[in-house]
Amino acid sequence: MAEEIRLAQPKEYYRAFLEKEVRPDDRELGEFRPTVLNIGCVSTAEGSSLVKLGNTTVMCGIKAEVAEPRYGRPTEGYIVPNVELSPLSSPNFRPGPPPEQAQVLSQNMVDFLDTSQCIKLDSLCISSGKLVWVLYIDLVCLDYDGNVMDACTLALMAALKNTSLPVVTVDEDTGDVKTHLSTHSSLSVDSCPVSTTFIVFDNTVLLVDPTREEELLATGAVTVVTEGDNLCSVYKPGGSPLTDEQVEMCVERAFVRGKEATALITDTLCSIDR
Amino acid sequence: MASFIVLTEEQQRLQREAPPEAVLRCLTSELGCLTRQDGSASLSQGDTTVTAVAYGPAEVRMARERIDRATVEVVYKPKVGLPRPVDRKKENIIRNTLESAIMGSAHPRSAISVIIQETEDLGSNLACCINAACLALLDAAVGLNFMVAAVASAVMEDGKIVTDPEKKVEEKAVAVMTFVFESVDHKLVSVLTYGKFTQEQYKVCRDLCRQTAQSVFAFYRESLEKKLLKTV
């Protein structure tokens, strides 16, 4: 019977649960799904990671290439993140050009890296005015069960911390470029920003880490990015209006999650030997 | 054609009296600046200028039809070139914001489209876009749950806070935050931030922007009053 109600009247079904301050998947309102992190799973990439947030699965691979720096910015490399939401991950996506959601997510990743300054673009410089590193960050969603934003940012940070680049030297006189494939240096990642997403149900109840089903019923969403004790971003693209207390509650919860996620990344990095 | 330019005295008085940080640049609007649309508005905040038009309720494409409410479509046109992911994100934020403002359930199976053309971006562009879109919807007499007012603020290196920053100030700022408030309970509808900041700075900016948003609402009222007086 419960399954029929869930299909026919999903809102009513959720309301019955939320009245008792619990969600249909046994979680509390402020509880994340179990997070599984695997770092360095793609051996052909410079850095990689796989994140599972409940059923949501996102894989991240970082490829590095050398290129000429942009005119006027001789010492800055580039970072090009791209999020792919293919039909593989959910029936909601069709083959063809990237859907709007994927474009917005990609832009969110660009802003996430820009704002948090976790990678100094100057550190990607090989030879000023001649050669810089370009990092192509590909985030592929394999299973879409909601909250892809948080899964993407976690995968992105884990993969960046795992990235090591071969040492490249440029001969000053002859201009010859030499790559030392046997020696690697790891990328300097200065900070570890973490994002936490909430949805608003029925204009009032806030749920952290929504599943796909919850996202469909949501009347709004909030994403908070924290980095240590600072905020990197509070992002609420429309939806039902919230009071200041509600937003502050989200921020408080995000700080707790920030510590958890940072610890998870550090622990996983320690447990793999590179 | 009902078109005119409003340069409110009330606005200027508010600007003089408010503490130095809670000031908006000079607001100018022209409602019904175009003739073939259901509603149109051109809004300048200082030198940042945006033209927005609204159509609706109109026919909706089958694939986008919703049986219980109106579909809100927003197109953002940058000044030069094709829309990039940056513009898509902007479009997405504006659409979600307007979706909550528009009384969608009054027009099921129809579309309400808003087209926004950037004319000049000299700071606080997103805020100007949202305000212009709201004015266009008011001009088109689309039913709204509440009006929305957007205000941007910038945190400078020395901790000073500037509301409605110019482009030059935005570039120098440590953090730029854009807040959108609704007109009924003044709750927060949208927020977009850029740069690192503390919780304390966030609260100060939010309260300042909320205060400044009141003058935007006053400006909406005045613009509409002038337009209606003109048509009578």
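The rules behind each value
Residues numbered from 1 in each chain as written. Chains lettered and ligands numbered in written order. Predicted model: local features only at pLDDT ≥ 70, side-chain atom pairs only at ≥ 80, totals over all residues. Heavy atoms only, no water. Helix = DSSP H or I, 4+ residues; strand = E, 2+ residues; numbered from the N terminus. Rg over C-alpha atoms; globule rule 2.2 N^0.38 Å. Buried < 20%, exposed > 50% of the residue type's maximum accessible area, 1.4 Å probe, protein only. Areas by Shrake-Rupley, 256 points an atom, 1.4 Å probe, with all protein chains shown as cover. Lys, Arg positive; Asp, Glu negative; His and termini not counted. Charge placed at Lys NZ, Arg CZ, Asp CG, Glu CD. Axes fitted to C-alpha atoms, helices over the stretch in contact; angles between N-to-C directions. Left-handed = near helix turned anticlockwise from the far one by under 90°. Contact = heavy atoms within 4.5 Å. Nonpolar A, V, L, I, M, F, W, Y, C, P; charged D, E, K, R; others polar. Buried area = accessible area lost by both parts, 1.4 Å probe. Salt bridge = Lys/Arg side-chain N within 4 Å of Asp/Glu carboxyl O. Polar contact = N/O pair within 3.5 Å; in protein donor to acceptor, adjacent residues only side chain to side chain. Parallel < 35°, antiparallel > 145°, perpendicular 65-115°, else oblique. Pairing = 2+ DSSP bridges.

Novice: What is the right way to read the overall build of chain B from this model?
Specialist: When helices and strands are counted, chain B shows five helices and nine strands. Starting at the N terminus and ending at the C terminus, chain B contains elements arranged as α-β-β-β-β-α-β-α-β-β-α-β-β-α. Scaling as 2.2 N^0.38, a compact globule of 232 residues should have a C-alpha radius of gyration of about 17 Å, and chain B matches this with 17 Å. With the C-alpha coordinates aligned to their principal axes, the bounding extent of chain B is approximately 55 × 40 × 40 Å. Looking at chain B as a whole, 53% of its 232 residues are labelled buried. Of the roughly 10,500 Å² of accessible surface on chain B, a fraction of 52% belongs to carbon and sulfur atoms. Taking the average location of the 29 positive side-chain charges in chain B and that of its 30 negative ones, the two points are 4 Å from each other.

Novice: Help me understand the packing of helix α4 (residues 148-162) of chain A against helix α6 (residues 244-271) of chain A in this model?
Specialist: Between two packed helices, the angle of one axis relative to the other and the distance separating the axes together describe the packing. All names here are of chain A. The interhelical angle for the contact between α4 and α6, taken along N-to-C directions, is 35 degrees, at an axis separation of 11 Å. As for the relative orientation of α4 and α6, their crossing is right-handed in sense. Each of L154, M157, A158 and K161 in α4 lies in contact with α6, whose residues at this interface are R257, A261, L264, I265 and L269. Taken together, the residues of the contact of α4 with α6 break down into seven nonpolar, no polar and two charged.

Novice: What should I look at first to understand the interface of chain B and chain A in this one?
Specialist: Much of the literature gives interface size as the accessible area that the parts lose upon coming together. In this assembly, 31 residues from chain B lie in contact with 30 residues from chain A. With both sides pooled, the region where chain B packs onto chain A buries about 2,700 Å², and carbon together with sulfur makes up 52% of that total. Looking only at chain B, the three residues that lose the most surface to chain A are K89, K196 and Q199 of chain B, adding up to 24% of its buried area. Applying the counting criterion to the chain B and chain A interface returns six salt bridges. Between chain B and chain A we count 21 residue pairs in polar contact (both at pLDDT 80 or more) in total. Among the elements that line the side of chain B that touches chain A, the one with the most residues is helix α2 (residues 85-101) of chain B, at eleven residues. A per-class count over the side of chain B that touches chain A returns eleven nonpolar, nine polar and eleven charged.

Novice: I tried to follow the pattern of salt bridges on my own but got confused; where do I start?
Specialist: Where charged atoms from two side chains of opposite charge come close, those side chains can pair. All names here are of chain A. As enumerated under the stated definition, the model contains 32 salt bridges over all chains in all. When the shortest N-O distance is used, the salt bridge between E260 and R257 registers 4.0 Å. One end of the pair is E260 and the other is R257, both in helix α6 and three residues apart, which spans about a single turn. Through salt bridges with shared partners, a single ionic network connects R23, D25, R27, R33, D145, D209 and E214.

Novice: Hey, could you run me through the packing of helix α3 (residues 100-116) of chain A against α4 of chain A in this one?
Specialist: Residues and elements named next belong to chain A. The geometry of α3 relative to α4 is characterised by a closest axis approach of 11 Å and an angle of 45 degrees between their N-to-C directions. The pairing of α3 with α4 is recorded here as oblique in orientation. Handedness of the α3/α4 crossing: right-handed. Residues L105, N108, M109, F112 and L113 of α3 form the contact with α4, whose own contacting residues are V148, M149, C152, T153, L156, M157 and L160. Grouping the constituent residues of the contact of α3 with α4 by class yields ten nonpolar, two polar and no charged.

Novice: Would you mind going over the sheet that holds strand β11 (residues 220-227) of chain A with me for this structure?
Specialist: Whether parallel or antiparallel, the strands of a sheet pair through hydrogen bonds between backbone atoms. Residue and element names in this part refer to chain A. Taking strand neighbours across the sheet as the criterion, the four strands line up as β10-β9-β11-β12 in an open arrangement whose pairing is antiparallel. Of all the strands in the sheet, just β10 (205-208) and β12 (230-235) have a single pairing partner and so form its edges. This sheet shows a mean twist of 25 degrees between the axes of neighbouring strands, independent of strand direction. Note that strand β9 (residues 194-201) and β11 share seven bridges and pair antiparallel. Bridged to I199 within β11 is A221.

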